[in-house]
Amino acid sequence: MENPSKTFLFVLSAPSGAGKTTLCKRLLNDFPSMRLSISSTTRKPRGAEKEGVDYFFLSQEDFKKKIEANRFAEWAHVHGNYYGTSKEVIERAFASGFSVLLDIDVQGAEQFRLAYPRECYRIFISPPSLAELEARLRKRGTDSEEVIQKRLKNAEAEILEGQKFDVMIINDSLERAYSELKTVVEKRLGLSSLGRQSG
Ligand code: 5GP
């Protein structure tokens, strides 16, 4: 896929419950040249989630058809469900000069690193500890005990993988983590007040 303008793929990965969704919302608010990639998933909608806003909710059959038709830029099996980014989302953003924010897991991040080495910038959001992550997942109150256990088990491996990312940000306080995140994005986009950066 051609990317003639200076647009980036900001890949944010984190164990679920690490505060990534809130951080993504704030980034989108502060960077109008950035668009959120809406993923497809076979997971059922949670709480007030809406079709086409939070995810495109697909059946297993439809998801597999899209894999076979080579319509995903990346896809992965996460916590027992399929998740994937449509090529179309990336193509459209590049064509219109937008950078893309991707809230995807570490497997998807690795696929983007390989497919888009120049554009891809991987940011890992880590909870301060596994105990804190467990507390946050319980407080959210949207997942069953079985799901919580599965997510905690995956979190350890994800944090290990996150150490290979371009940046790791510890979300110990939302304000502090966001300020760090904003700074790294500004630098990457060449908007840093400390001077223009390249690449
Ligand atoms: P949740 O079910 O909590 O919305 O998401 C579970 C995990 O799937 C999160 O780590 C999220 O970042 C990841 N995820 C969401 N969309 C995608 C996607 O398109 N591709 C990949 N690889 N992971 C995704």
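About the criteria used
- Residues numbered from 1 in each chain as written.
- Predicted model: local features only at pLDDT ≥ 70, side-chain atom pairs only at ≥ 80, totals over all residues.
- Heavy atoms only, no water.
- Near = heavy atom within 4 Å.
- Polar contact = N/O pair within 3.5 Å; in protein donor to acceptor, adjacent residues only side chain to side chain.
- Areas by Shrake-Rupley, 256 points an atom, 1.4 Å probe, with all protein chains shown as cover.
- 1 Å grid on protein atoms, 1.4 Å probe; cavity = no way out; pocket = protein on both sides within 12 Å on 5 of 7 lines; lining within 4 Å.
- Sits in = over half its atoms within 2 Å of the grid points.
- Nonpolar A, V, L, I, M, F, W, Y, C, P; charged D, E, K, R; others polar.
- Points joined across faces, edges and corners; volume = space filled by probe spheres on them.
- Helix = DSSP H or I, 4+ residues; strand = E, 2+ residues; numbered from the N terminus.
- pLDDT = per-residue confidence, 0-100.
- Contact = heavy atoms within 4.5 Å.

### Digging into the site of the ligand
Argument step 1. Close contacts around the ligand come from 18 residues, with S39, R43, Y55, Y83 and D105 the closest.
Argument step 2. Taking S39, its side chain carries an N or O atom lying 2.7 Å from an oxygen atom of the ligand.
Argument step 3. The separation between an oxygen atom of the ligand and a polar side-chain atom of Y83 is 2.5 Å.
Argument step 4. Compared with its free state, where it exposes 510 Å², the ligand has 96% of that area covered by protein.
Argument step 5. With respect to the pocket detection grid, the ligand is positioned in the largest pocket.
Argument step 6. A class-by-class count of the residues in the shell around the ligand yields six nonpolar, five polar and seven charged.

### A short note on the layout of surface pockets
Argument step 1. By volume, the largest pocket is sized at about 1,100 Å³.
Argument step 2. As for the largest pocket, its lining consists of 39 residues, and the residues nearest its centre are K20, T21, R46, Y55 and D103.
Argument step 3. Broken down by element, the residue count for the lining of the largest pocket peaks at six residues, all from helix α1 (residues 20-30).
Argument step 4. Of the pockets and cavities examined, the second largest pocket occupies roughly 160 Å³.

### Things to note about the confidence of the model for the protein chain
Should the pLDDT be low somewhere, the predicted coordinates at that spot are not to be read in detail.
Argument step 1. For the protein chain, the mean per-residue pLDDT works out to 91, and 94% of the residues sit at or above 70.
Argument step 2. Segment residues 195-199: pLDDT under 50, and six contacts once partners within four positions in sequence are set aside and those in other chains are kept.

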